[in-house]
Amino acid sequence: MTVNITTAIDGAKAKLDVEGRIAVDTAGELNEAIVSLPESVCDIEVDLSNTTYVSSAGLRVFVSGNKLAKSRGGSFCVSHPIGEVMDVLTMTGITDLINVID
């Protein structure tokens, strides 16, 4: 499986659009995209509107991204999760740990 990640940076904010599946074989790509953001970026948004699946490996990336953003004095959120992706976020309780924007 593949995942396509498009990153847009505007000052201290970054938005990563994720298309495809975030699974054990692709989560590393998302993690690398997040950790390689310039240190000046402190607010991170991961747009899931085109994401069809998120595994526990993807959830770990979200938690790590949240810690990174907070360590930089910023915020982390996932936005626009659809269908089963939102179900996974809710059922796992990750919505209690990270911001989720509809």
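The model shown is predicted, which means the values in this text are computed figures rather than measured ones.

Student: Sorry if this is basic, but what is going on with the overall build of the chain here?
Tutor: Helix and strand counts for the chain come out as three helices and five strands. The order of helices and strands in the chain, counted from the N terminus, is β-β-α-β-α-β-α-β. Against the globule reference of 13 Å for 102 residues, the chain gives a C-alpha radius of gyration of 12 Å, in line with a compact fold. A total of 102 residues make up the chain; the buried ones form 39% of that total. Pairs at least 24 residues apart make up 66% of the contacts formed inside the chain by residues separated by at least 6 positions. Summed over all atoms, the accessible surface of the chain reaches about 5400 Å², with 50% contributed by carbon and sulfur. Looking at charge distribution, the chain has the averaged site of its 7 positive side-chain charges lying 6 Å from that of its 14 negative ones.

Student: Sorry if this is basic, but what is going on with the packing of aromatic side chains here?
Tutor: The way to describe two aromatic rings as a pair is by their centre distance and the angle between their planes. Counted according to the given criterion, the structure contains one aromatic pair. Ring plane angle 40° and centroid distance 6.5 Å describe the contact between Phe62 and Phe76, whose orientation is recorded as tilted. Taken together, the residues span a long stretch of sequence, with Phe62 in helix H2 (residues 56-71) and Phe76 in strand E4 (residues 76-79) at a distance of 14 residues. Side by side, Phe62 and Phe76 carry an identical accessibility label, which is buried. Of note, Arg21 hangs over the ring of Tyr53, and the distance from its end group to the ring centre comes to 4.2 Å.

Student: Can you walk me through the pairing of strand E1 (residues 3-10) in this structure?
Tutor: Consecutive side chains of a regular strand alternate in pointing toward one face of the sheet and then the other. Here eight bridges tie E1 to strand E2 (residues 13-22), and the two strands are oriented antiparallel to one another. Each residue of the ladder has a partner; that of Asp10, found in E2, is Lys13. Two successive antiparallel strands, E1 and E2, enclose a turn made up of two residues, where Gly11 displays a positive phi of approximately 65°.

What counts and what doesn't
- Note on numbering: residues in each chain are counted from 1, in written sequence order.
- Confidence filtering applies because this is a predicted model: local features only for residues at pLDDT of at least 70, side-chain atom pairs given and counted only at 80 or more, and all residues used for totals across whole chains, interfaces and linings.
- To obtain the side-chain values, all non-hydrogen atoms of the structure were used and water was disregarded.
- Comment: elements are numbered from the N terminus, with helices defined as DSSP H or I runs of at least four residues and strands as E runs of at least two.
- Restricting the calculation to C-alpha atoms gives the radius of gyration, and the globule rule supplies 2.2 Å times the number of residues raised to the power 0.38.
- Each residue is assigned to one of three classes by its accessible area relative to the maximum for its type, calculated with a 1.4 Å probe on protein chains only: buried under 20%, partly exposed between the two thresholds, exposed over 50%.
- Residues count as neighbours in contact if any of their non-hydrogen atoms are within 4.5 Å of one another.
- In short, Shrake-Rupley with a 1.4 Å probe defines the accessible areas, and a residue's cover is counted only from the protein chains shown.
- This count recognises Lys and Arg as positive and Asp and Glu as negative, with His and chain-terminal groups excluded.
- The location of each charge is read from NZ of Lys, CZ of Arg, CG of Asp or CD of Glu.
- Only the six-membered ring of Trp is used, alongside the rings of Phe and Tyr, when aromatic pairs are assigned; centres must lie within 6.5 Å, and planes under 30 degrees apart are stacked while those over 60 apart are edge-to-face, with the rest tilted.
- Charge-over-ring contacts are defined here by two conditions on Lys NZ or Arg CZ: a distance within 6 Å of the ring centre and an angle within 35 degrees of the ring normal.
- In this analysis, strands are considered paired if DSSP registers two or more bridges between them.

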